[in-house]
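# Survey of secondary and tertiary structure
This is what each chain is made of:
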Amino acid sequence: DAGITQSPRHKVTETGTPVTLRCHQTENHRYMYWYRQDPGHGLRLIHYSYGVKDTDKGEVSDGYSVSRSKTEDFLLTLESATSSQTSVYFCATRGGEPYNEQFFGPGTRLTVL
Amino acid sequence: GNSVTQMEGPVTLSEEAFLTINCTYTATGYPSLFWYVQYPGEGLQLLLKATKADDKGSNKGFEATYRKETTSFHLEKGSVQVSDSAVYFCALSEANTDKLIFGTGTRLQVFP
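Residues numbered from 1 in each chain as written. Chains lettered and ligands numbered in written order. Predicted model: local features only at pLDDT ≥ 70, side-chain atom pairs only at ≥ 80, totals over all residues. Heavy atoms only, no water.

## Description of the interface of chain A and chain B
At the interface, 20 residues of chain A touch 18 residues of chain B. Together, the buried faces of chain A and chain B total about 1,500 Å²; carbon and sulfur atoms form 52% of this surface. Looking only at chain A, the three residues that lose the most surface to chain B are Leu43(A), Asn100(A) and Phe104(A), adding up to 32% of its buried area. Taken together, the links from chain A to chain B amount to 1 salt bridge. Salt-bridge contacts for Glu101(A) lead to Lys49(B); the nearest nitrogen and oxygen are separated by 2.7 Å. The tally of links between chain A and chain B comes to 3 residue pairs in polar contact (both at pLDDT 80 or more). Of all elements in the fold, only β4 (31-38), β5 (42-51) and β9 (87-94) of chain A reach the threshold of two or more residues within the side of chain A that touches chain B. (Contact = heavy atoms within 4.5 Å. Buried area = accessible area lost by both parts, 1.4 Å probe. Salt bridge = Lys/Arg side-chain N within 4 Å of Asp/Glu carboxyl O. Polar contact = N/O pair within 3.5 Å; in protein donor to acceptor, adjacent residues only side chain to side chain. Helix = DSSP H or I, 4+ residues; strand = E, 2+ residues; numbered from the N terminus.)

Below is the structure:
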């Protein structure tokens, strides 16, 4: 358990509204990741961060932005939520080399109506 | 590009049966390989890993061997329990990157 919390754990929102999900870690891990999990797709990387203010896109980044102003917090923002963004969102962290396994938070279930 | 292919589920077994979940990968270089498990309503947990060819990862009675010649990392357990019911994900860590590539997951259902 890498001390990862996600908030909120559940959220229902309407199309067109902005949504921000928060990931908080207590392990001082350098790397942080946002994934979405959908049936038939497994986990797909949205964005990731390799340090404070250092972020990069994953394979499904359209419609999402991220920010990391502190080591412990990584925010995922849906600027204008759409129904296709209904999903379960997982945050993960990773320490530096040589440890390349990732540790996952409990997830946030987001429903966009 | 790099990818991971897992057998489709669900895999349905009786308690104490032998389990195999197949995983093959495509990758350049020498990736590390992982199995993660997701219990209902929870996030993913690392089950085991292997970082080089012929390594065997093991944990909680589960095993997987990194086979470079067949590009495989099949998950096995000799005697499953009801508590093993979960979704299992195979993943690889791309060499010289910070990212994991996941398979689509295989649901295991074990009945008493």
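## Structural notes on the state of the cysteines
Residue and element names in this part refer to chain A. Taken as a whole, this structure holds 2 disulfides over all chains when the rule is applied. Paired through a disulfide, Cys23 and Cys91 show a sulfur-sulfur distance of 1.9 Å. Residues Cys23 and Cys91 are joined by a disulfide whose S-S torsion is about -70°; by sign, that bridge is left-handed. Here Cys91 lies in strand β9 and Cys23 lies in strand β3 (residues 19-25), a separation of 68 residues in the sequence. Neither Cys23 nor Cys91 differs from the other in exposure class; each is buried. (Disulfide = S-S within 2.5 Å. Buried < 20%, exposed > 50% of the residue type's maximum accessible area, 1.4 Å probe, protein only.)

## Some remarks on the sheet that holds strand β8 (residues 73-78) of chain A
Residue and element names in this part refer to chain A. If you trace the 4 strands from one edge of the open sheet to the other, you get β1-β3-β8-β7, paired in antiparallel fashion. At either end of the open sheet lies a strand with only one pairing partner, and these are β1 (4-7) and β7 (64-70). Between one strand axis and the next, the sheet turns by 20° as a mean value, whatever way the strands run. Note: β7 against β8, 5 bridges, orientation antiparallel. For Ser67, the partnering residue across the bridge sits in β8 and is Leu75. (Pairing = 2+ DSSP bridges. Axes fitted to C-alpha atoms, helices over the stretch in contact; angles between N-to-C directions.)

## Focus: the sheet that holds strand β3 (residues 19-21) of chain B
Residues and elements named next belong to chain B. The strand order across the open sheet formed by 4 strands is β3-β9-β8-β7, and the pairing between neighbours is antiparallel. Each edge of the sheet is formed by a strand with only one pairing partner; in this case those strands are β3 and β7 (56-59). Recorded for the sheet is a direction-independent mean angle of 15° between the axes of neighbouring strands. Pairing of β7 with strand β8 (residues 62-65), which is carried by 4 bridges, proceeds in the antiparallel orientation. Among the inter-strand pairings, Gly57 is bridged to a residue of β8, identified as Ala64.

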